[in-house]
Amino acid sequence: MSVQTTIKRLTAPDITARKGIDPIVSLTAYHAHTAAIADPHVDFLLVGDSLGMVMHGFESTLPVPLDLMIMHGRAVMRGAKRALVVVDMPFGSYEESPAQAFRNAARVVKETECGAIKLEGGRRMAETIRFLSERGIPVMAHVGLTPQSINVLGGFKTQGRTRDQWAAIEEDARVVAEAGAFAVVLEALAEPLAAKITGEIAIPTIGIGASAACDGQILVMEDMLGLSPRVPKFVKEFGAVGKAIEKAITAYAAEVKARNFPEPRHTYDVKD
Ligand code: KIV
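Residues numbered from 1 in each chain as written. Predicted model: local features only at pLDDT ≥ 70, side-chain atom pairs only at ≥ 80, totals over all residues. Heavy atoms only, no water.

### A look at a nonpolar patch on the surface
A grouping of Leu-227, Ile-245 and Ile-249 is seen on the molecular surface, where their side chains present a nonpolar patch of about 250 Å² in accessible area. In this fold, Ile-245 is placed in helix H11 (residues 241-257). (Patch = residues over 30% accessible without salt bridge, like charges linked within 9 Å, V, L, I, M, F, W, Y side chains within 5 Å. Areas by Shrake-Rupley, 256 points an atom, 1.4 Å probe, with all protein chains shown as cover. Salt bridge = Lys/Arg side-chain N within 4 Å of Asp/Glu carboxyl O. Helix = DSSP H or I, 4+ residues; strand = E, 2+ residues; numbered from the N terminus.)

Rendered as structure tokens:
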């Protein structure tokens, strides 16, 4: 007789219910193997459109197509068994109308079987967030620095550095919460503003460059592993994976050059 244990995957409502209880742990993930390693340690994994920059060498997230998000979303779902998997909607796939957003978000959910999607924007996306949530698609919102708007924002800059910017950002967070978002990413926000928003809204705030005042933290996995060529100033590197890879490849190349091919000789024995 075989005993099968089913691991229950966390859901969007599970994440919402964590507000004010204990910190929510999350990372980005783009492929199956790292998703499997991170899975037992995180509450959710975000298949972020940052994959365009981190994995595909684009200068921004703007060129990322929907099909690429779906492909990486499927890989992460194969690797992660317990964490909620959230897939980012890429630039151009949701902003036009709630109907466009639903059509593309439904494709993401059907083809990846992820538990939620994320989209960028505050007030301007509130109608869409309500439309998707009421039709069965949990939405994580994202306010503050929204990388898909860098051409309007003028670069990857901290938001809310002067108090006259606060009201608009606070309103963005309040409105997405009221529209039904289950959590909201606060990116690159001054700490007192992140703390104020976290105290004002009923859904969890997930900070990236927004301080420990938030309900949870997300980092780009490659950044915290020490694997990204350019790492934002606020990121603590918990590993030196890029250096470890370089060291291993250098050692490998030296062995091959010395004709000391790293394979066991018996592999080539002839069986008579
Ligand atoms: O795409 C991404 O990785 C993100 C995180 C920075 C929150 O949106």
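Following the structure, the description resumes.
### Structural notes on helix H4 (residues 66-79)
Taking 1.5 Å per residue as the helical rise, H4 with its 14 residues ought to reach 20 Å, and the 20 Å between its terminal C-alpha atoms agrees with that figure. With 10 of 14 residues buried, H4 is to be regarded as a mostly interior element. Buried within H4 are the following residues: Leu-66, Leu-68, Met-69, Ile-70, His-72, Gly-73, Ala-75, Val-76, Met-77 and Gly-79. If you follow the buried residues of H4, they end up packed against helix H2 (32-38), strand E2 (44-47), helix H3 (51-54), strand E3 (84-88) and helix H5 (98-112). (Expected span 1.5 Å × (residues − 1). Buried < 20%, exposed > 50% of the residue type's maximum accessible area, 1.4 Å probe, protein only. Contact = heavy atoms within 4.5 Å.)

### Structural notes on H11
Relative to the 24 Å expected for 17 residues at 1.5 Å per residue, H11 spans 24 Å between its end C-alpha atoms, a close match to the ideal helical length. Once H11 finishes, Arg-259 follows within two positions and takes phi at roughly 55 degrees, a positive value.

### Considering the site of the ligand
In the vicinity of the ligand, the contacting residues are Thr-28, Leu-46, Gly-48, Asp-49, Ser-50, Asp-88, Lys-118, His-142, Val-185, Glu-187 and Ile-208. Ser-50 is positioned with one of its side-chain polar atoms (N or O) 2.5 Å from an oxygen atom of the ligand. A distance of 2.9 Å is found between an oxygen atom of the ligand and a side-chain nitrogen or oxygen belonging to Lys-118. Look at the ligand: alone it shows 260 Å² of surface, and the protein chains cover 95% of it. (Near = heavy atom within 4 Å. Polar contact = N/O pair within 3.5 Å; in protein donor to acceptor, adjacent residues only side chain to side chain.)

### Some remarks on the environment of Ser-97
By secondary structure assignment, the location of Ser-97 is in the loop between E3 and H5. Along the backbone, Ser-97 and Val-109 are 12 residues apart, and their C-alpha atoms lie at a distance of 18 Å.

### Some thoughts on the pairing of strand E5 (residues 139-144)
Counting buried positions along E5 yields 6 of 6 residues, so the element is predominantly enclosed. Alignment of strand E4 (residues 116-118) against E5, held across 2 bridges, turns out to be parallel. Residue Ile-117 lies in a different strand from E5, and its bridge partner there is Val-139. In the sheet, E5 pairs with strand E6 (residues 183-187) via 5 bridges, with the strands oriented parallel. (Pairing = 2+ DSSP bridges.)

### Things to note about the pattern of salt bridges
In the structure shown here, the tally under the stated rule is 12 salt bridges. In this structure, Glu-200 engages Lys-196 in a salt bridge whose closest nitrogen and oxygen atoms are separated by 3.3 Å. Of this pair, Glu-200 and Lys-196 both sit in helix H9 (residues 191-200), separated by 4 residues, roughly a single helical turn. With a relative accessible area of 43%, Glu-200 lands in the partly exposed category. Residue Lys-196 is classed as partly exposed on the basis of its relative accessible area of 35%. Linked through salt bridges whose partners overlap, the residues forming this network are Arg-18, Asp-22 and Asp-43.

### What about the packing of aromatic side chains?
For the structure shown, the criterion picks out 1 aromatic pair. The interplanar angle of 75 degrees and the centroid separation of 6.4 Å between the aromatic rings of Phe-102 and Phe-131 together place this pair among those described as edge-to-face. Of this pair, Phe-102 sits in helix H5 while Phe-131 sits in helix H6 (residues 126-134), placing them 29 residues apart in sequence. Residue Phe-131 is classed as partly exposed on the basis of its relative accessible area of 24%. Above the ring of Phe-131, the side-chain terminus of Arg-135 is found at 3.6 Å from the ring centroid. (Phe/Tyr/Trp six-rings, centres within 6.5 Å; stacked < 30°, edge-to-face > 60°. Lys NZ or Arg CZ within 6 Å of the ring centre and 35° of its normal.)

### Considering the nonpolar core
One finds Leu-45, Ile-117, Leu-119, Ile-129 and Leu-186 to be the most contacted residues of the largest nonpolar core, which totals 60 residues. When residues in this core are grouped by element, the largest group, 7 residues, is from helix H8 (residues 166-179). Ala-12, Phe-182, Ile-206 and Ile-208 belong to the second-largest nonpolar core, a separate cluster that totals 15 residues. (Core = buried A, V, L, I, M, F, W, Y, C linked by side-chain atoms within 4.5 Å.)

### Regarding the environment of Val-47
Relative to the assigned elements, Val-47 resides in strand E2. You can call Val-47 buried: its relative accessible area is 0%. Each C-alpha atom of the pair Val-47 and Cys-114 lies 9.7 Å from the other, and the pair is 67 residues apart in sequence. Look past the residues within four positions of Val-47 in its chain and what remains in contact with it is Ala-29, Met-69, His-72, Gly-73, Val-76, Val-85, Val-86, Val-87 and Asp-88.

### Observations concerning the sheet that holds strand E1 (residues 24-28)
Strand order in the closed barrel formed by 8 strands is E1-E2-E3-E4-E5-E6-E7-E8, with parallel pairing between adjacent strands. Direction aside, the axes of adjacent strands within the sheet are offset by 25 degrees on average. (Axes fitted to C-alpha atoms, helices over the stretch in contact; angles between N-to-C directions.)

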